[in-house]
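Chain by chain, the residues:
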4 protein chains.
Amino acid sequence: MKPIVLLDPHPRTLELLFSPEDLGRLKSLASMTVWEGGRMPAAMVEKHLPTALAVIGQTDLPRARLERARNLRAIVNVEGNFQPNIDYAFCFERGIHVLGAGVAFGTAVAEMALGMALGLARGIPAADRQFRKGREVYGRFSNQDSFLLSGADVGCIGFGNLGRALIKLLEPFRCRVRVYDPWLADRWLAEFGVTPSALDAVLAASRILFVLAGATADNEAMIGKRELDRMPRGACLVLVSRASLVDFDALTAKLRQGEIRAALDVFPREPFPKTHPLRRLDNVILSAHRAGSLASSYRLMGEMVVDDLAQILNGLPPLRLQRAERETVARMRSMPVKR
Amino acid sequence: MKPIVLLDPHPRTLELLFSPEDLGRLKSLASMTVWEGGRMPAAMVEKHLPTALAVIGQTDLPRARLERARNLRAIVNVEGNFQPNIDYAFCFERGIHVLGAGVAFGTAVAEMALGMALGLARGIPAADRQFRKGREVYGRFSNQDSFLLSGADVGCIGFGNLGRALIKLLEPFRCRVRVYDPWLADRWLAEFGVTPSALDAVLAASRILFVLAGATADNEAMIGKRELDRMPRGACLVLVSRASLVDFDALTAKLRQGEIRAALDVFPREPFPKTHPLRRLDNVILSAHRAGSLASSYRLMGEMVVDDLAQILNGLPPLRLQRAERETVARMRSMPVKR
Amino acid sequence: MKPIVLLDPHPRTLELLFSPEDLGRLKSLASMTVWEGGRMPAAMVEKHLPTALAVIGQTDLPRARLERARNLRAIVNVEGNFQPNIDYAFCFERGIHVLGAGVAFGTAVAEMALGMALGLARGIPAADRQFRKGREVYGRFSNQDSFLLSGADVGCIGFGNLGRALIKLLEPFRCRVRVYDPWLADRWLAEFGVTPSALDAVLAASRILFVLAGATADNEAMIGKRELDRMPRGACLVLVSRASLVDFDALTAKLRQGEIRAALDVFPREPFPKTHPLRRLDNVILSAHRAGSLASSYRLMGEMVVDDLAQILNGLPPLRLQRAERETVARMRSMPVKR
Amino acid sequence: MKPIVLLDPHPRTLELLFSPEDLGRLKSLASMTVWEGGRMPAAMVEKHLPTALAVIGQTDLPRARLERARNLRAIVNVEGNFQPNIDYAFCFERGIHVLGAGVAFGTAVAEMALGMALGLARGIPAADRQFRKGREVYGRFSNQDSFLLSGADVGCIGFGNLGRALIKLLEPFRCRVRVYDPWLADRWLAEFGVTPSALDAVLAASRILFVLAGATADNEAMIGKRELDRMPRGACLVLVSRASLVDFDALTAKLRQGEIRAALDVFPREPFPKTHPLRRLDNVILSAHRAGSLASSYRLMGEMVVDDLAQILNGLPPLRLQRAERETVARMRSMPVKR
């Protein structure tokens, strides 16, 4: 008899996550219980959980439920961030893998971050806007504020999946990359060819500053006025992870002074207020939470889910998804995705 | 006695080309005769040419002048493209190096081309425009037409300095790169990890098509209706070398149909007509001949000029600038830069 | 009060493992209880274990002992392979990290494997022997059996730490690399740019075959006569992980026929019999378990130990050492190191 | 009518140089006049030279002959080094390309140099010899003098084709590479990621010193007692270009002291004296001029010859072979190859 897998992927759907090929593989591996278009009803969860080998989705799994889930070996979050919907301690104790598929967004976000960085360094959207207004300036006189990414000083706040995906794309540019990440050992960072640095050193030295950290209990508004004032004139901030890391009022004030530039993919409220002054600044690139959410990212999620289920069914550890860590999962702090 | 160098760099200036350090090196190497703000007057050229070791600039050097330039060992074009201002055959015969500094634009143009490609693939300027209008769409529903550069099919028309600079930046994306360049042997191309291909194969297979070839006697309007119609739906054309390669009327018609996207840095007339319909299309990124002309590019030119003059003065071949080739220089066709 | 760490590193020593700088860091982090020159006496273990935060070494840790180790958060194996000296299930349940320092050997083993592969491909030690005998052959007539690694078909049996370290060194050679590793998902492998393959396909296609897998319950003598006979004429086998994977009698017979070549760093018995016929074959490179055991490898182990202890003391997950996996640790099978 | 090409490739042969496919291409491009097994007889040269478009080989081509070669557009040396057999000045004046195929040896020599460097750093041939004698030492006690190439200080004397081929292979090792090459501008070198340095700085800083320079009028015995004494204890010299750069008596004396190690592929006399003391030293790897002369190198030569002939016939500059340089060709100094 095939093992049972509960699929409760809301706000994702099976079609979003799985290519026909991967769906076929999934069906050949497991007997599927699926609920789409909202969270799986409690009765359905309660009915199937005792026999389930895995849960794919953000189903509430407090201790009471988990204690009845005697066959459970894996829970896979397909939203992107670990949330307080699971009794993680119980899972760790029982050897239930808690896995996150957010790693699948890495390449898409890294490409967007690079595109935004080049967009700021070369004024691509700003010059395009001028051109559309018939006010373009030709040649070098339009490049007073342009600079090369090659050889530039780059900073990263956070060096998880996004940082590691980005650093690969930056390799040919031979940048000097400084990284601030208080969760990571210096010499581990150094193996990636980056320079572990204190926050203030990263801020002061970087021509391009990528904010890549996830939201934690400790880093709310960590980039505020004090930090923004340490950035050199002409520096470019690229925010692609979580809006909560940045004090948006301080950022708006700083950007209005025109001394730095910013590319922003996430916002404290989404939708962002229609009349917010950031919408009118020339030194800003605005993007509506678009960095990771490509069709290819979701299908990569599905691919990783199927591969790791197969690993687990073969008595092997999961490989592709990211494991919740006993030490840090409680410190993650994420807004659920609003569909 | 120091060798004599004529500096006639218009439309460049000494300050544009040389860092203080490089200007110092130049002065220590040679006795300089300088004219700025226009072409060097004939009398001045005639007076100094017979003793000059090198001419830096686009000075007219027909056979009559060259025959009197008995010490001349190098002519350096600092504009970017070889022009019909020199009797090249005479130079080749006499062993006078004719060198071009256009290679210094390579990295800047490659970074811009990549920034534009990511801008098209992810809709960065288009989404920014929508956001400014308060019409942004959040998350994956804004990414219907977005795609990853990683693993994409990429095409290059032309594979000179620009192509080779670009290919380095593309390396981490592991694209499949097809190249059409009729001046280059297939197996030479293959050493760069690209696939030499016929023009039509490049057109039909490429999701992103970079037009990187210089203007020659043979390639005027080589990208016309027939070629554009071979591009797959959703493909992105990035034009950063010469406008003459593309039939802009055909391109405009094609873009108006909305089936492809384009990023354009060069135009058949600059300034481009204020009312041209390209200025209003959402699937276009417009840039006013900005790709190469960074301050750092000009200073790199100067660096290369000083280094190669030092090589020549040491009885060594030049290294950094690009040599005019006997076989191809006559086939180059360039508009002079209008300052 | 500082946390307590038990150091029972035999067959390693503190001096072998820790640079003065790392030893200083370790002392600043923890109060150390050390025993060298043999296994820590039971009484000493029993005394300190109840308060210890970490054990560094291969101390026996059955359930009875672990139950009393109420502060224990990490056990670090500094020998290289997980052994049956620990009640792993208990550790997983209690969230005690069981970490292996064998990953520190990766670079050293990969460099040796590459050196051996080039040594076989180009006949470096064999030609050196001939030269010493005055029988050297000059130039191309000595290269009848030589081949380039660049572009060669390479196979890997196993793709853990060693494989991943090796693949980085092979990158500039642009080899086609096929990998057989039944513990790893195909698409995870593909992300490294290698081709996941069945064992027989790897054997038949590889000009150079690296045996890199650790010893498990399943792979004893997996490379026997049948497998060796699938290797193409002139193929090179490089064995740097565990001797138990190879049937040495079959290998010896195959090598005596002269159809393949081999470089061997590990042997079924060490010391290897003095009169073994492998010692006399010209198509063999012999190395006495030397691939990983460099001074720098041990100091890297120490560095990793200190970094991960610091992580754990900071309430963060370990980063640099390798975790024992619930699913696979029981399937590992290793001889203890004989000092 | 097809253009005429003279093939006088001694000491190479057509079969050595050309794959069947390349020979076919050559025949389709040109009408071939071939002489093998020795230098082409004068009468044959005189007869065909006036109509020849290209000469492939080391045919004597003094001014008198060249003046009658009115169709000649290329001369290709397939031996490896430019020699005084041609009136180069005349060729430069007339625009006859003088091309060398020695560049085809680059990858083969670079792989050998790396194999030798790893062989010295890890004692691969020396440990193999001990093993064969039954005197092997197991594990780390055999690695007292072993070191990693990763992160090591590397020096290059000369940075032509060989240096550039080698540097690619060294990339994953992240070495600090210092280069001494008086023919090359510092900032040109820096673009390869290496540090241009004075000779003494390279000698003093390098753990591995690659001697890669061709023989010139200026560098005979440039590595003598003074230079060898600057090398640090335990340093490794890898000589793969020309023996004339090294004072072999001084090198022998130095190696007998045991303070450095060396891998030698070229010798002042070949065959090297049978009783030379270098043949008995344990800190030496000996190789009888084997680094470049692989079958694949010669076929790559042929491939390059055919590709560049095709370029020339198409009115395009040659791409793959290396051009003789007006400034330096007279300073090259090479022994002809003895077959």
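Residues numbered from 1 in each chain as written. Chains lettered and ligands numbered in written order. Predicted model: local features only at pLDDT ≥ 70, side-chain atom pairs only at ≥ 80, totals over all residues. Heavy atoms only, no water.

K.L.:
So what exactly am I meant to see when it comes to the interface of chain B and chain A here?
P.N.:
It is common to give the size of an interface as the accessible area lost on bringing the parts into contact. Counting residues at the interface gives 58 residues for chain B, matched by 58 residues for chain A. Buried surface at the junction of chain B and chain A, summed over both partners, amounts to about 5,100 Å²; 57% is from carbon and sulfur atoms. In this assembly, chain B and chain A are joined by four salt bridges. Salt-bridge contacts for Glu136 of chain B lead to Arg279 of chain A; the nearest nitrogen and oxygen are separated by 2.7 Å. Looking at the side of chain B that touches chain A, the elements that each hand over two or more residues are helix H6 (106–121), helix H7 (124–132), helix H8 (161–170), strand S12 (284–286) and helix H13 (295–313) of chain B. Ranked by residues supplied to the side of chain B that touches chain A, first place goes to H6 of chain B with eight residues. (Contact = heavy atoms within 4.5 Å. Buried area = accessible area lost by both parts, 1.4 Å probe. Salt bridge = Lys/Arg side-chain N within 4 Å of Asp/Glu carboxyl O. Helix = DSSP H or I, 4+ residues; strand = E, 2+ residues; numbered from the N terminus.)

K.L.:
Would you mind going over the packing of aromatic side chains with me for this structure?
P.N.:
The relative placement of two aromatic rings is captured by the distance of their centres and the angle of their planes. Following the criterion strictly, the structure yields 40 aromatic pairs over all chains and no others. Ring geometry for Trp188 of chain A against Phe192 of chain A: centres 4.8 Å apart, planes inclined by 65°, an arrangement best described as edge-to-face. Arg207 of chain B extends its terminal NZ or CZ atom over the ring of Phe147 of chain B, reaching a point 3.9 Å from the ring centre. Here Arg140 of chain D stacks its cationic end above the ring of Tyr298 of chain C, 5.8 Å away from the centre of that ring. (Phe/Tyr/Trp six-rings, centres within 6.5 Å; stacked < 30°, edge-to-face > 60°. Lys NZ or Arg CZ within 6 Å of the ring centre and 35° of its normal.)

K.L.:
Could you clarify how one ought to interpret the relation of the copies chain B and chain A in this entry?
P.N.:
The relation between the two copies of this chain is a rotation about an axis and a shift parallel to it. Here chain B sits on chain A after a turn of 180° about the axis and a move of 0.0 Å along it, with an RMSD of 0.0 Å. Viewed as a symmetry operation, the transformation between the two copies matches a two-fold axis. A shared interface surface links the copies, since 100% of the contact residues of chain B are contact residues in chain A too. (Least-squares fit on C-alpha atoms with pLDDT ≥ 70 in both.)

K.L.:
Explain the pairing of strand S10 (residues 236–239) of chain A here, please?
P.N.:
One face of the sheet, then the other: side chains in a regular strand alternate in exactly this way. All names here are of chain A. The alternating pattern of S10 places Cys236 and Val238 and Leu237 and Leu239 on opposite faces, both of which are buried. As judged from the four bridges shared by strand S9 (residues 208–211) and S10, these two strands associate in the parallel manner. Note that in S10 the partner of Val211 across the bridge is Leu239. Where the polypeptide runs from S9 across helix H11 (residues 225–230) and back to S10, its parallel neighbour, the crossover connection is right-handed. Relative to strand S11 (residues 261–264), S10 runs parallel, the two being bridged by four bridges. Considered in S11, the bridge of Leu239 is made with Leu264. As a crossover connection, the stretch from S10 through helix H12 (residues 248–256) into S11 is right-handed. (Buried < 20%, exposed > 50% of the residue type's maximum accessible area, 1.4 Å probe, protein only. Pairing = 2+ DSSP bridges. Right-handed = clockwise from strand over helix to strand, strands pointing away.)

K.L.:
For this particular structure, what's the right way to read the domain arrangement of chain A?
P.N.:
Residues and elements named next belong to chain A. Assigned domains within chain A: domain 1 (4–101 + 295–331) and domain 2 (106–286). Taking the mean C-alpha position of each, domain 1 and domain 2 sit 34 Å from one another. Between domain 1 and domain 2, the residue contacts involve five residues of the former and eight residues of the latter. The largest share of the area that domain 1 buries against domain 2 comes from Asn81, Gln322 and Arg331, three residues that together contribute 74% of it. Linking domain 1 to domain 2 there are one salt bridge. (Domains from an automatic or database assignment.)

K.L.:
Help me understand the interface of chain D and chain B, please; the structure alone is not making it clear to me.
P.N.:
Taken together, the contact between chain D and chain B spans 32 residues of the former and 32 residues of the latter. It is Arg187, Leu319 and Glu327 of chain D that lose the most area in chain D upon contact with chain B, and together they represent 26% of the buried surface on that side. Linking chain D to chain B there are 10 salt bridges. When the shortest N-O distance is used, the salt bridge between Glu325 of chain D and Arg323 of chain B registers 2.9 Å. Our enumeration of links across chain D and chain B arrives at 16 residue pairs in polar contact (both at pLDDT 80 or more). Here the residues of the side of chain D that touches chain B are counted per class, giving 12 nonpolar, six polar and 14 charged. (Polar contact = N/O pair within 3.5 Å; in protein donor to acceptor, adjacent residues only side chain to side chain. Nonpolar A, V, L, I, M, F, W, Y, C, P; charged D, E, K, R; others polar.)

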